[in-house]
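# Coordinate analysis (summary)
In case you want the letters, here they are:
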Amino acid sequence: MFKIEELTPDCDLNEGLVLNIDKPLMWTSADVVRKLKYILRRIGYRKIKIGHAGTLDPLATGVLLVCIGRATKQVEALQAGRKEYIADVQLGATTPSYDLEHPIDATFPWEHITPESVEAALQSLCGERDQIPPVYSAKMIDGRRAYEYAREGSEVEMRLAHINIYGIELLECDLPHIRIRVDCSKGTYIRSLAREIGEALNSGAHLTSLRRTRSGDYLADDGISVEESINILESLKKN
């Protein structure tokens, strides 16, 4: 399997390549894969496999691992890697999607909240436990995505996900807004964590921004843009 710095024009991408993409805002993970798949076909790789290791919501940015060729066999192992996120959370209000995809549906008092109570709430949410994923998520339920049921207005029971939150650091506290760093296992929904923070503070909360800064050994600081990845792939056009 190749590393980016090892690529040469005569490389066969079927041997495998993992691209650490810094996913742009408002792109779905599937959008990124679709774009790169189009480029691969254009440069001569019409039947090559491609996929991503760990979905990021459209409103999130940061590390999205795109596996090409034989690297797709590593998707499951890459998805299992520990994750780190920087998240902005607004206290005192909730939304149906737990983020800014939907407008605020309820408001709550937040004036009783202090930096000390925020710290205590964050620590109470650390450790190994079960978490309820958001209804507006890509979780599969009876062959359909959960968000499809939600958009239809159908009620659906979300299955608990077993997660581990290794640590949460309070980076900024400008109430009713906080910024946190989350170190967690795969399958953790930071939108759900934001909701839980609000509940732990006897208030409400929702996510206002999210950036995945690490996935396993891959860091956002080392990531490349979609445009850069396109340029790299186009330089490898088959003759």
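Above this text is the structure in question.
In this report, the structure presented in the accompanying data block is examined.

## Focus on the overall build of the chain
Helix and strand counts for the chain stand at 6 helices and 13 strands. Burial statistics for the chain: of 239 residues in total, 46% are counted as buried. Of all intrachain contacts in the chain linking residues separated by at least 6 positions in sequence, the fraction that spans at least 24 positions is 69%. When the accessible surface of the chain is totalled, it reaches about 12,300 Å², and 48% of it is carbon and sulfur.

## Looking at the packing of aromatic side chains
When we look at a pair of aromatic rings, we describe it by the centre distance and by the angle of the planes. For the structure shown, the criterion picks out 0 aromatic pairs. Taking NZ or CZ as reference, Arg82 lies 3.8 Å from the ring centre of Tyr166, over its face.

## Points about the pattern of salt bridges
On inspection of all chains with the given rule, the structure shows 12 salt bridges. Put simply, Arg34 and Asp31 hold a salt bridge, and the shortest N to O gap is 2.8 Å. Note that Arg34 and Asp31 are positioned in helix α1 (residues 29-42) at a spacing of 3 residues, about one turn of the helix. Here Arg214 makes a salt bridge to Asp183, at a shortest N to O gap of 3.4 Å. Of this pair, Arg214 sits in strand β12 (residues 205-215) while Asp183 is found in strand β11 (residues 177-184), placing the two residues 31 residues apart along the sequence. Across the pair, Asp183 and Arg214 agree in class, each one buried. Because the salt bridges share partners, they merge into one network encompassing Asp57, Asp99 and Arg191.

Thresholds applied
- Residues numbered from 1 in each chain as written.
- Predicted model: local features only at pLDDT ≥ 70, side-chain atom pairs only at ≥ 80, totals over all residues.
- Heavy atoms only, no water.
- Helix = DSSP H or I, 4+ residues; strand = E, 2+ residues; numbered from the N terminus.
- Buried < 20%, exposed > 50% of the residue type's maximum accessible area, 1.4 Å probe, protein only.
- Contact = heavy atoms within 4.5 Å.
- Areas by Shrake-Rupley, 256 points an atom, 1.4 Å probe, with all protein chains shown as cover.
- Phe/Tyr/Trp six-rings, centres within 6.5 Å; stacked < 30°, edge-to-face > 60°.
- Lys NZ or Arg CZ within 6 Å of the ring centre and 35° of its normal.
- Salt bridge = Lys/Arg side-chain N within 4 Å of Asp/Glu carboxyl O.

Just geometry here; none of it tells us what the structure is for.
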